[in-house]
Amino acid sequence: MMQGPTEVVDRETLAPDWISLSAEERDLRAWDAIRHWPRDAGMNVVREGIDFGHATRWFLWDKVGRAIRNTLDAEDDVTCSGRLENKLAPASVKASPPVKIVAKLRNRLIQRKVAANRMLRNKRVLYCPFPYSRHAQILETLIERDRAYEIFVPSNEQARWPGTVAFDATREKHGDGNRWAKELSSGMVSGLACAGVAVNGDACAQLEQELKVFVATVLCAKRDLERLHPNAVLVPSDNTPPFSAMTHAARALGIPVILLQHGMDCERYFLDDAYASHIASWGAYRRERYTRDSEHAPVRISNVGNAHYDHVDPKLFSHKSQPGQWLWVTRPHRSEKCYAPSRRRDEGLRILDALIDAMTVAPQTRLTIKPHTFDYADLYEKRIAERGLSDRVVVSVDALWPLLADAEIVITEDSTAGMDAMVLGKPLVHAHFAESAPVMPFVAFGAAHQAFCASEMASTLKRVCAMGDSDFEEMRIAQGEFLDYAVGPRDGQASVRASAFIDSVVLGHAV
């Protein structure tokens, strides 16, 4: 139940003066507001064994940061249409075309037959509800190996993965979720208001609609897991929908959830929670952050390395770089990806302006921009045209690795692309124009030179251009040390170790 208005008013008097706080203080207060809104709203958010306070945090990441920035100064925002639809599009969630009754009966018969065979063989089951993208490589490895368990995937994905077993996932929605979604939305707005965060207008309507879809997704996931009751579930992410819906449903049922690390974190606080029970991390960096900062302690975290590097041979990209070729690989800058209040959507444009200014005193240089999927390439192209440098600066959609190989210097932000550049031993500049400190310790390791403001960008690039062989070698050694720490072993066996990790969880083996 919601607490009385007197207590809410008292708490509002404790709301921070955002203008007087430092950038770091704002970021931490924003995260605390997201964490504690159920307490501040006086609301019990546990239903069907699921803590919806944790399960729904993602829906507040962008809204809280934007609300605080708007308190400081109106944010000239570019709305990203389709945010919800794009995030909740995987096959286990999106609506499917009508299925004929005969086909439905056939699917049920097949499912019962599979269940009967499973009981007869007493085989364990790994459920992979999202068999695409980040999991494609590891799935191939699992399917090709002899194993003592079955791999189940949604029926509409099974044709892509011969050797797996089709599972007819629930598609109908639960109507009773709408009322709970409205209660959650109201509680969030009320609780955040107590912390001085005003989420209103279109953001409120968006939040309620997102929660309606998410609650229905959670209930469907729970129903699926109750029918299949796998020995473990493999997810590509445990804190973003729709993957978090499956993760929290499995947690409520006591089913182990396996997460394979898929990237490095470019935000403070917001990505620190671990909800999967078993995590295969790349190296010590992510493992230490989870151990130190997550509110939930995973049952087990093991370092296995980065499977994406298993098939990357630096020798294939060892051709001589193009003189004067700079490459900037960006982080997400769209407002929906600027979670912390200290992150601004204009950071990318300010970095681009600084790079262009540096190019004006280096007439032989060319710049290629490789934007993140959630960055605003169109705004970069517009700025390049405004600055009259379309002949020297381009926005590229080409594959990353050949671009890295061609580059003489790579400019990175808090991004895994910076580590990819290290694999090829490229001179690296760490660009970071936010008010708060960078997240990735590239500079602290000596693996990159820093460019944390416009004036520093020009001087740093000038210094990197003048580096001698001994300077390059010193940086490469530091980059190797950073990769050892963040990525773990790079011996081509990460997929094998990840597979063994999954095996041990599904089969219930001890560490």
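Student: Explain the state of the cysteines here, please?
Tutor: As used in these notes, a disulfide is a covalent bond between sulfur atoms, one from each of two cysteines. Counting across every chain of the model gives 0 disulfides. Looking at Cys266, it has no disulfide partner, and the nearest cysteine sulfur is the one in Cys338, 9.3 Å off. For Cys266, a relative accessible area of 15% translates into the label buried.

Student: In this structure, what is going on with the sheet that holds strand E11 (residues 366–370)? I would like to understand it.
Tutor: Strand pairing within a sheet occurs via backbone hydrogen bonds; the two strands may be parallel or antiparallel. If you trace the 6 strands from one edge of the open sheet to the other, you get E12-E11-E10-E13-E14-E15, paired in parallel fashion. Two strands lie at the open edges of the sheet, namely strand E12 (393–395) and strand E15 (449–451), each paired on one side alone. The mean inter-strand angle of the sheet, taken between neighbouring strand axes irrespective of direction, is 20°. Judged from the 4 bridges that link them, strand E10 (residues 325–329) and strand E13 (residues 409–412) form a sheet pairing that is parallel. From the neighbouring strand, Trp326 faces E13, where its bridge partner is Ile409. Together, E10, E11, E12, E13 and strand E14 (428–431) form the strand contacts of helix H12 (residues 347–360), whose direction differs from that of E10 by roughly 170°.

Student: Is there a simple way to explain the nonpolar core in this structure?
Tutor: Side chains of nonpolar character tend, in soluble globular proteins, to be buried together. Formed by 40 residues in total, the largest nonpolar core has its most connected members in Trp37, Leu60, Trp61, Val64, Leu184, Leu192 and Val197. Breaking this core down by element, the ones donating at least two residues are helix H2 (23–41), helix H3 (52–55), helix H4 (58–72), helix H8 (177–194) and helix H9 (202–228). The dominant element in this core, judged by the number of residues it contributes, is H4, at 8 residues. The residues touching Leu60, leaving out its near neighbours within four places in the chain, are Ile34, Trp37, Met188, Leu192 and Leu207.

Student: How should the packing of aromatic side chains be read in this particular structure?
Tutor: What describes a pair of aromatic rings is the distance from one ring centre to the other and the angle between the planes of the rings. Scanning the entire structure with this criterion turns up 17 aromatic pairs. Plain terms: the ring middles of Phe59 and Phe214 are 5.2 Å apart, the flat faces sit at 70° to each other, and that makes the pair edge-to-face. Of the two residues, Phe59 sits in helix H4 while Phe214 sits in helix H9, which places them 155 residues apart along the sequence. Accessibility classification places Phe59 together with Phe214 in one group, the buried group. Ring centres of Tyr309 and Trp401 lie 6.2 Å apart, and the angle between their planes is 85°; this geometry places the pair in the edge-to-face category. Here Tyr309, found in the loop between strand E9 (300–303) and E10, pairs with Trp401, found in helix H14 (residues 400–406); they are 92 residues apart in sequence, far enough to count as distant. Assigned by exposure class, Tyr309 and Trp401 land together as buried. Taken together, Tyr285, Phe442, Phe445, Phe482 and Tyr485 form an aromatic cluster joined through their ring pairs. In this arrangement the basic side chain of Arg286 is found over the ring face of Tyr290, its NZ or CZ atom lying 3.9 Å from the centre.

Student: Whenever I open this one, the sheet that holds strand E3 (residues 124–127) confuses me. Can you help?
Tutor: Taken together, 7 strands build an open sheet; the order of strands is E5-E4-E3-E6-E7-E8-E9 and the sheet is parallel. Two strands in the sheet have a free side with no partner beyond their single neighbour: strand E5 (165–167) and E9. Geometrically, the sheet is characterised by an average inter-axis angle of 25° between neighbouring strands, direction not taken into account. Judged from the 4 bridges that link them, E3 and strand E4 (residues 149–154) form a sheet pairing that is parallel. The residue bridging Leu126 from the neighbouring strand is Ile151, located in E4. On the sheet, helix H11 (residues 284–293) packs against strand E7 (257–260), strand E8 (278–281) and E9 and is oriented at approximately 160° with respect to E9.

Student: Whenever I open this one, unusual backbone geometry confuses me. Can you help?
Tutor: With glycine set apart, most residues show a phi of negative sign, and most peptide bonds adopt trans. With an omega dihedral of 0°, the bond running from Pro241 to Pro242 counts as a cis peptide bond. Within the fold, Pro242 resides in the loop between strand E6 (232–235) and helix H10 (243–253). Phi at His229 takes a positive value of approximately 40°, unusual for a residue other than glycine. Structurally, His229 is set in the loop between H9 and E6. Residue classification places His229 among the partly exposed positions, given a relative accessible area of 46%.

What counts, and where the lines are drawn
The numbering scheme is per chain: residues are counted from 1 as the chain's sequence reads. pLDDT decides what is reported in this predicted model: residues at 70 or higher carry local features, side-chain atom pairs at 80 or more are listed and counted, and totals for whole chains, interfaces and linings draw on all residues regardless. Side-chain numbers here rest on the full set of heavy atoms in the structure, without hydrogens or water. Working definition: a disulfide is two cysteine sulfur atoms within 2.5 Å of each other. The cut-offs for exposure are 20% and 50% of the maximum accessible area for each residue type, with area from a 1.4 Å probe on protein chains only; residues under the lower value are buried, those over the upper are exposed, and the others partly exposed. When DSSP locates at least two bridges between a pair of strands, those strands are taken to pair. Every helix listed is a DSSP run of H or I at least four residues long, and every strand listed is a run of E at least two residues long, numbered separately from the N terminus. Angles shown run from 0 to 180 degrees and are taken between the N-to-C directions of axes, each axis being a line fitted to C-alpha atoms and, for helices, limited to the stretch in contact. What makes two residues a contact is simply this: any of their non-hydrogen atoms within 4.5 Å. Here, nonpolar core means buried Ala, Val, Leu, Ile, Met, Phe, Trp, Tyr and Cys residues that are tied together by side-chain atoms lying within 4.5 Å of each other. Only centres within 6.5 Å qualify two rings of Phe, Tyr or Trp (six-membered ring in Trp) as a pair; their planes then separate them into stacked at under 30 degrees, edge-to-face at over 60, and tilted for everything else. Here, a charge over a ring is recorded when the distance from Lys NZ or Arg CZ to the ring centre is within 6 Å and its angle to the ring normal is within 35 degrees.

Take it as geometry only, folks, not as evidence of what the structure does.
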